[in-house]
Amino acid sequence: MAVRLGKVLAGTVLAILVFLAGAYFQVRGALPPYSGPVEGRGLRAPVEIVRDKHAVPHIIAGSLEDAAFGLGYVHAQDRFWQMELMRRLGQGRLSEIVPARLVGTGLVDTDRTMRGLGLYRRAGESVNALSPGVRSMIDGYAAGVNAWIRDPEQQFGLELTLIKLLSGGSYHPEPWRPADSLVWAKLMALGLDGNWRAELLRLRLAQRIGVDGVKFLTAPPGDNRDATLSMMIDALKGTDLERLYRKTDNIATRKREASNEWVVSGAHSVSGKPLLANDPHLSLGFPGTWYLARLVGPGFDIRGATSPGSPAVILGHNASIGWGFTTTNLDSQDLYVERVDPTDPNRYITPDGPRPFAVREETINVLWGEPVSLRVRETRHGPVVDDFVGRSSNELTPQGHVLALQATALDAADTSAEGFARVGLAQNWEEFLAATRRIVSPMQNMVYADTAGNIGLIAPARVPIRRKGDGSMPVPGWTSEYDWAGFVPFDELPRVYNPPGGIIVNANARLVPDDYRHFISRDWGEPYRQRRAGQLLHEVERHPVYGMIVMQADNLALDADDMLPLLLKGAPRNARAAKAHAMLSSWNRFMLASRPEPLIYTAWIWQLQRGLLADELGEDLFRSMEAPDVPLMKRIIEEKPGWCDDGGTRQTETCEDAVAIALDRALAWISSRQGRDMETWQWGAEHEAAHRHPLFDAVPLLRDIASVRFPSDGGGQTLNRALPSYRGARPFDAVHGAGYRGIYDFSDLDNSRFAMPLGQSGNMLSPWARNFLAGWQNLSYIEITGTRGELGRGAIGTLSLTPPAH
């Protein structure tokens, strides 16, 4: 038996070694050529692509359409498998190429949700709403991607080669279409403005802890919506909200938020001209979301961050202006409780009487499985979300009601791609505003600066005007009482231009004052990053470029200023607790990877949040609120001390007891992982920035090659944002943070700086897959600059793209 087992193991090891050797040569063989001639069908004139020493492409073209062609070509060269997964996510077709048996049924659920929302259909419809100029850019981009796909000798990399093997050889990339680019924007809008699942969560909370409990946990002071909330709880009694919430949870629908931006006028810079800083925060992964590029031609020189799949420079500057984004957290998504006609289940009640559901049939092809049929109903508000899950609607909603989603991201006449593309072409504030008028979703706080010395901010989008309510909870759909009455006029959207103080800051916290006349959101980000950026900007009279870089890497946790007095108020109850109290009492609040204090603090508030909420909400609901919420914990301790009692014990615990118990649990947890010597504990040992490969991170032999991990400073509330997941075997690993940083110097735009944590390539063995990592860690940003002659002297390759000879 032992001999037989040994042979089996030896055979398995040999098979693995053969696979790894084959994978190595496949990946190495898929490295794209950065030099040479390329014939490009769809080009109008020759294009030259010079990759500088950092592998950043400088695309030199005679027109914007041909520059977009070049961008599509280099995106495909370096990131096509990422683009393929992105468009299939938007199409609801991931299950066609990735076996659900290997990754679980969640993949089919994701496809159900995307098909149910009809995201890709609406992206296709939105193509027709674009102006001829922008449409030609998107067509040019698609032609560039397709020029790469069509190469008969093309190597598609390990990821897509593996997919082809799993499909029995039937997989081959489809041509890139304009809708494939537009669905990227809709995916971003779905997550950045995404609050419809928060409405589901509030309903679930209401069923568990009642109206007053929901108001305490989620509502701002003075909010009064008891009648509506009570009505919805009664209408949806028996609805399987937990299943609906769980089945629609995926990478596209999870709420994304957190970014930093600030701009200072020349009065606050060393140069006397504005400085603009921006670092958007999204989920970390390999490869990253962003890709650096420069587009150069007659009348344009645009530099900054692009996103593979999209033809525009999303964040950056041109020769005259620069711009940056943070998300506003706009509530542009509402759930409506539709009443099914009791005499005919194919109809629903409207203010004008019964109306038939619009119905479409979808078929999801599943690799290694049976096709899944999906019947999706739509109401006057939008798709019925009950239909997304694999269960009959009668079983989900026995009370004769369904939930329908209305969202600006689902608008078929969405011109957002037009707006974002035209921002990069604007030459002044007026042209910038004209471009942003076209943006429907997502709403972004867009900071601005120009070489003339002006600074500003505009938050453009279609902001719903609700006849009644604030969009925080599902509302009746059978009456017009809660319908949208239109959208906030563009001229009434939040904006500021050349403010007297000369400083504009946003880090997702409240954008408008309480007396702003229109409702935007109730889900503003916590104030700590915004507050810290404001402190640093006001501490120095005139800022240099490097000062902006240092700010982006700042690791001071202002939330600790609010929380530590409550944590340290009671006397420690044992020697280990006393040691922790002493360490945190003298802690400088910097979240440094090499120090123990950030680890003790984070583990303490993590355990305290569990102690305060888990028994009140139950484990299923608590998992949705597991991330420590300092303002909420403060409010509980100060206003709801009864929640400090652990319902699972006989005695009645006070809040001081809850704090002490949480510390003991935190210290025990850390000790089990890093030993008992508290002085040797390190935040970075538990807090690694986890840039996970979406396909190979779960494969032990490929994980260390495909994914990137490194100890990280920072935390969830520092400017250097590195938000833990608070889940799994490594709950403090950072999974959300900056994937791009830009500093734009309007005294000399060639002196602007750019940084990404990984690299340009999505090929795990490419020398350009991680080439920015060291610079990211030591704050060595790069410049994207140079004349054609200067670029040629340091280039790693030059591609010459030409139209086909006739």
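Up top is the structure.
Conventions and cut-offs
Residues numbered from 1 in each chain as written. Predicted model: local features only at pLDDT ≥ 70, side-chain atom pairs only at ≥ 80, totals over all residues. Heavy atoms only, no water. Disulfide = S-S within 2.5 Å. Helix = DSSP H or I, 4+ residues; strand = E, 2+ residues; numbered from the N terminus. Buried < 20%, exposed > 50% of the residue type's maximum accessible area, 1.4 Å probe, protein only. Pairing = 2+ DSSP bridges. Contact = heavy atoms within 4.5 Å. Axes fitted to C-alpha atoms, helices over the stretch in contact; angles between N-to-C directions. Parallel < 35°, antiparallel > 145°, perpendicular 65-115°, else oblique. Nonpolar A, V, L, I, M, F, W, Y, C, P; charged D, E, K, R; others polar. Left-handed = near helix turned anticlockwise from the far one by under 90°. Phe/Tyr/Trp six-rings, centres within 6.5 Å; stacked < 30°, edge-to-face > 60°. Lys NZ or Arg CZ within 6 Å of the ring centre and 35° of its normal. Expected span 1.5 Å × (residues − 1). Core = buried A, V, L, I, M, F, W, Y, C linked by side-chain atoms within 4.5 Å. Salt bridge = Lys/Arg side-chain N within 4 Å of Asp/Glu carboxyl O.

1. Details of the state of the cysteines
Per the counting criterion, the structure on display carries one disulfide. With its sulfur 2.0 Å from that of its partner, Cys-644 forms a disulfide with Cys-655. Where Cys-644 bonds to Cys-655 through sulfur, the torsion about that S-S bond is close to 85 degrees, and the disulfide is right-handed. Of the two residues, Cys-644 is situated in the loop between α21 (630-639) and α22 (655-674) and Cys-655 in helix α22; the sequence distance between them amounts to eleven residues. Here Cys-644 matches Cys-655 in class, with each residue buried.

2. Brief notes about the sheet that holds strand β19 (residues 475-476)
Think of a sheet as strands paired side by side through backbone hydrogen bonds, with each pair either parallel or antiparallel. One open sheet accounts for three strands, arranged β15-β10-β19; its pairing is mixed. Where the open sheet ends on each side, the last strands, each with one partner, are β15 (401-407) and β19. On top of the sheet, helix α9 (residues 196-218) reaches β10 (333-339) and β15; it is set at about 55 degrees to β10, its chief contact.

3. A few points about the packing of helix α2 (residues 64-91) against helix α8 (residues 178-192)
Contact geometry for α2 and α8: axes closest at 9 Å, N-to-C directions at 70 degrees. When the axes of α2 and α8 are compared, the pair comes out roughly perpendicular. Of the residues in α8, those in contact with Met-86, Arg-87, Leu-89, Gly-90 and Gln-91 of α2 are Asp-180, Val-183, Trp-184 and Leu-187. When its residues are assigned to classes, the contact of α2 with α8 shows five nonpolar, two polar and two charged.

4. Re the packing of α2 against helix α6 (residues 132-149)
In the contact formed by α2 and α6, the axes pass within 7 Å of each other and the chain directions differ by 45 degrees. It follows that α2 is oblique to α6 by the angle criterion. Classified by chirality, the crossing of α6 by α2 is right-handed. When α2 is examined against α6, the residues Leu-64, Glu-65, Ala-68, Phe-69, Leu-71, Gly-72, Tyr-73, His-75, Ala-76, Gln-77, Phe-80 and Met-83 are found in contact with a partner set consisting of Gly-133, Ser-136, Met-137, Gly-140, Tyr-141, Ala-143, Gly-144, Val-145, Ala-147, Trp-148 and Ile-149. For the contact of α2 with α6, a count of residues per class yields 15 nonpolar, seven polar and one charged.

5. Details of the packing of aromatic side chains
Enumeration according to the criterion identifies 19 aromatic pairs in this entry. Centroid distance Trp-484 to Phe-487: 6.1 Å. Interplanar angle 75 degrees. Geometry classified as edge-to-face. By relative accessible area, which is 13% here, Trp-484 ends up buried. Aromatic ring contacts, followed pair by pair, group Trp-606, Trp-669, Trp-683, Tyr-726 and Phe-732 into a single cluster. The cationic tip of Arg-51 hangs over the ring face of Tyr-34; the distance from NZ or CZ to the ring centre is 3.8 Å.

6. Some words on helix α4 (residues 106-117)
An α-helical segment advances 3.6 residues per turn. Residues three or four places apart therefore align on the same side. The first and last C-alpha atoms of α4 sit 17 Å apart over twelve residues, in line with the 16 Å expected at 1.5 Å per residue. Among the twelve residues of α4, eleven are classified as buried, and the element is accordingly described as predominantly covered. Listing the buried residues of α4 in full gives Leu-107, Val-108, Asp-109, Thr-110, Asp-111, Arg-112, Thr-113, Met-114, Arg-115, Gly-116 and Leu-117.

7. Section: the nonpolar core
Membership of the largest hydrophobic core comes to 124 residues, with the highest contact counts inside it found for Phe-80, Leu-292, Phe-432, Tyr-740 and Leu-801. Top contributing element to this core by residue count: α2, with 13 residues. The contact partners of Phe-432, leaving out residues within four places of it in the chain, are Ile-321, Trp-323, Val-423, Ala-426, Met-446, Val-447, Tyr-448 and Ile-458. Counting residues in hydrophobic clusters, the runner-up holds 57 residues, among them Ala-206, Leu-217, Leu-556 and Phe-732.

8. Comments concerning the pattern of salt bridges
Using the criterion set out here, one finds 51 salt bridges in the structure. Glu-679 serves as the salt-bridge partner of Lys-579, at 2.6 Å between the closest nitrogen and oxygen. Of this pair, Lys-579 sits in helix α18 (residues 575-585) while Glu-679 sits in the loop between α22 and α23 (683-686), and the two are 100 residues apart along the sequence. Residue Lys-579 is classed as partly exposed on the basis of its relative accessible area of 34%. Beyond isolated ion pairs, a larger network of salt bridges with shared partners links Glu-84, Arg-87, Arg-88, Arg-93, Glu-96, Glu-174, Arg-177 and Asp-180.

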